[in-house]
Amino acid sequence: MKTVEILVIGGGPAGLCAALSASALGAKVLIAERDEMPGGQLVKQTHKFFGSEKQHAGERGIHIGQMLLENAQAEPNIELWTSSCVLSIYEDGVVTIEHAGQHVKVKPERIIIATGAAEKFLGFPGNDLPGIYGAGAVQTLMNVDGVKPAQRVLMVGAGNIGLIVSYQLKQAGVEVEAVIEGSSKIGGYLVHASKIQRAGIPVLIKHTILEAYGDGQVEGAVIAQIDECWQPIAGTERKIACDTICLAVGLSPLTELAWQAGCEVAFIRELSGHVPIVNECLESTVPGIYCAGDVSGIEEASAAMVEGRLAGLCAAVSLSYGGAAAQTLIDDAKQELDELRAGSMGIHIREGLEKMALKSGQPKSEDDTLKSKSFAEIKSTLISDGIATADDIAAILPTPERFAKGPIAIAECFQEIPCNPCVKACKAGAITMPGDINDVPVVNGALCNGCGLCISLCPGLAIVVVDQTYSEDMAIVRLPYEYVPLPVVGTLATGLDREGNALGQFEVKKVTSGGKKNMTYTISLVVPKALAMDVRGVSVV
Amino acid sequence: MTSKDNEIMICRCEDVTKADILQCIADGYHTLDEIKRVTRAGMGPCQGRTCRQLIAAELAKHYGVSMEDVLMTTFRPPVKPISLGALADAYETRKDWSLE
Amino acid sequence: MKNFYDVVIVGGGIIGCSVAFELAKRGRKDVLVIEREYLTSGATGRCGAGIRQQWGSVLNATLAVESTHIFENLEEYTGYDRSCGLNQGGYLLVAYTEKEWAQFQKNLQVQHSVGVDSYAVDLDGIKEIVPHINTEGMLGACFCAKDGHADPFHCTYAYARGAQRMGVDIETYTTVTGFGVENGRISAVETSKGTVKANVVINCTGGYAAQMAALVGDELPITPERHQILITEPVAHIMNPMVMSLHRHFYVQQTPHGSVIMGIGDPTEPVSHNIRSSWQYLEHNAWLVTQTLPAFRSLRVVRQWGGSYDMSPDRNPIINEAADARGFISVAGFSGHGFMVAPRTAILLANHLTGQEDSLDIQRFSVERYETGALLLEPSVV
């Protein structure tokens, strides 16, 4: 029987961060990771992360995963087992693991469950036809295994996963016919929706999949509009030909081990299902068992990393590691979590956590200022299709006087999401957020010199630089670009509007790499002045 | 029940359709535990990781209760299948009683 | 649930449900079955559900043979529209010791006397029945092709649905908290949903039977004992019979569904209501079974669980009316073979309660036997 101080179950963002923070305080940690490659969902997240610098915002998930892994490998207090699936937690505190083909028993003093989540499934006729995948599975095939998973895809669900995977499918050269969403609003970040709309992928809200059809494999789907009661509206049915249907209809926390261990579990809709009840230190109702990351409520990976760090700190402190300094680290982590959840997109999570706090018998006195805080409601159709309207643009449009002075950054970022790399990127201090990281950025025209550093650093690809002074009738629009092939300087490329419509062929003036790690290019297109506020995408295909 | 309910797969491991589930509910079974035992839904290798929620939703809908009030089935070990050979080998190394 | 019933049955396992059915069939239809959780949630739903007629005592062999006849037609018998999953692939009882092998010869005579079609086979004969078995250490085996396995859920639901159609009420998720006794007779059952008056109360609560009986001041020598079990993923059919060793304390059987179900007995298991799973059991069972059936090494376990045996001193059922609470009858103590004898036992009790003749003497099952020494001795228990 192997003994260990802290067993971390799952080597994803939460698990790795838990191991790192606990080991840094001196605790001996064993990480059991099911996959051969640690990193959890990070290993396939080729997009840049939101959040703040503390959660590595602006960096791509794959790079964050690599960095966490390298740090864990370099830490002598961490033992990392890969291809090692934890099978059970028994009543005598023994945890069994299938490790190197063997049934291994481990007796830990503390357990941190960081098992993450699994994709939800949807019931519709034909839902077992080959060609129907979870969106995450398709993302793995594509970004981990290098397999082009489909030719034509219908994406079901416009949460962040549905939107991001659609974008990545497009990057991989797969046609995405549409993203459909039952709700009347886009659930994911609007900047992701805007990005795929620019790529010509329609996002259809209040739509559902009625059935999948095909002879032995998916050949298409029938979709329809739905009414307020989520019932299909007769006469709106239409067929969408596709060879693959991706389901991005939410995640369920992977709580089996918590149930087995006897942790109290409750259904909390806002946290996406059954979750173990945890206290402020993320300790479950079974003393010594902590839960971090998606297993105790579905959130972004940035929150999972901080939760992992917090659970690791608390577990180590409970083993008498860390001393007085540890409390500061714990407080910092809690504060970071509060910050990440303070925005409009965090309302659900906060409600869910409040329910959990009630159940755990530690009613949380929610920050009254946060509770009463009203968020800038997006009133335009932007919320339902991700396409900024003329009114949305008018609200952020620089004055003609400012345009006359030279290039200026325009941040088409209208939603209060936790993200601030643009603020950090701007050396001139021109981009600010009046409140916390959940505010929308404000560009100060007096300070912005149009350098464009922010373009490739914005995780949402929502910033462009427009120079109306290029020539008498032409302007330069500098745009972020993440496709292959790259436009070639001196040739013509297609300029696209916010809905992906071609606006014409324009000269490529300059192609700037964001760097080896950043990997976002900035393309300068020469466009007629009248189109400078319309051209928002580039295509060379 | 609609004519297409038998084309809606709920439990992929054990081939249980929505029609099977609705039949169970019509027959008076009103818990996940009963439906699991009558149809085998959730008894396959994944142990109901995906179908459990779908069945719970059907029960909630039929009985007009919220998901919170649908009793969950237990999660039995192991969470992932493991071979008898690996288990037997582990016993060999700690053998504390013999065949005789 | 009404507030008065002629008969209240406590416990919704195969015993409670089959007794309800047989009572209703005989005209006592004003019956309520109370179950703490859902039907089969106790020992029935957790058991291996083997059906074996190869017993070493006339009484057990008789109960098993006559029960098997009912299992063979249970759907029709109860009017159930699903399959009860009976699979008569036989039981192969392998002998590893001289003593065991000698006992088997005696058992065969007992079995033949009540019409069980069982016979002994040598090692070659064993290989014919299960080609991939490792016969090392074996002396021989006994086989009965009519033994087998059924689905414990469907069998119980078959009885329950049949009983309901005849007017029996079933109240699930209801806990019994106490009983009312007046003038030495049972008068009421107190439950989490209120008090129910009753003429007769039947205690079919398996491992909890002694605790229930104690509520009316009756002492039953029945104790709970955890037994664990596991099931594998389904594979193509490779084994017909249940293979069982009394000496090595294991049984293993492939179900019609393809999964292989197996369990072991642990002589060191303490008296306890704990039915949680253990990793020690998991490894031990895997080792024991793969010694005899090495081909199963590559099979993967999908699930393990525990259940409770209701153990009696002589490993046989107790059917007993409480001395100080007449009308309170306990039916428990089946010691691990309650499922397979439930159909006939239910008939025996129902006949008794409706004043009908029965070829078996119900008095033999009372607790008096532990005082008189007329024990129901059974040499063939796992």
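Residues numbered from 1 in each chain as written. Chains lettered and ligands numbered in written order. Predicted model: local features only at pLDDT ≥ 70, side-chain atom pairs only at ≥ 80, totals over all residues.

Draft legend 1. Region of interest: the domain arrangement of chain C. Residues and elements named next belong to chain C. The assigned domain composition of chain C is domain 1 (4–47 + 153–222 + 314–372) and domain 2 (87–146 + 223–311). Here the C-alpha centre of domain 2 lies 29 Å away from the C-alpha centre of domain 1. With 14 residues of domain 1 at the contact, the number on the domain 2 side is 11 residues. Classifying every residue of the side of domain 1 that touches domain 2 gives seven nonpolar, five polar and two charged. (Domains from an automatic or database assignment. Contact = placed C-beta atoms within 7 Å. Nonpolar A, V, L, I, M, F, W, Y, C, P; charged D, E, K, R; others polar.)

Draft legend 2. Examining the domain arrangement of chain A more closely. Residue and element names in this part refer to chain A. You can read the domains of chain A as domain 1 (2–116 + 252–369), domain 2 (121–249) and domain 3 (385–539). Each of domain 1 and domain 3 was reduced to a C-alpha centroid, and the two centroids are 37 Å apart. Each side of the interface is counted separately: domain 1 has 16 residues, and domain 3 has 15 residues. Residues belonging to the side of domain 1 that touches domain 3 are distributed by class as follows: six nonpolar, six polar and four charged.

Draft legend 3. A look at the interface of chain C and chain B. In this complex, chain C contributes 27 residues to the contact, which on the side of chain B involves 21 residues. Elements supplying a minimum of two residues to the side of chain C that touches chain B: helix H7 (152–165), helix H9 (279–292) and strand E16 (300–311) of chain C. Here the residues of the side of chain C that touches chain B are counted per class, giving 12 nonpolar, nine polar and six charged. As paired strands, strand E3 (residues 82–83) of chain B and E16(C) are joined by two bridges and run antiparallel to one another. Within E16(C), the residue paired with Ile82(B) across the bridge is Val301(C). (Helix = DSSP H or I, 4+ residues; strand = E, 2+ residues; numbered from the N terminus. Pairing = 2+ DSSP bridges.)

Draft legend 4. Expanded view of the packing of helix H1 (residues 13–24) of chain A against helix H2 (residues 61–74) of chain A. Residue and element names in this part refer to chain A. It is at 10 Å that the axes of H1 and H2 come closest, and there the two elements cross at 35°. Between H1 and H2 the crossing geometry is left-handed. Together, Leu16, Cys17, Ala19 and Leu20 of H1 and Leu68, Leu69, Asn71 and Ala72 of H2 make up the contact between the two elements. A class-by-class count of the residues in the contact of H1 with H2 yields seven nonpolar, one polar and no charged. (Axes fitted to C-alpha atoms, helices over the stretch in contact; angles between N-to-C directions. Left-handed = near helix turned anticlockwise from the far one by under 90°.)

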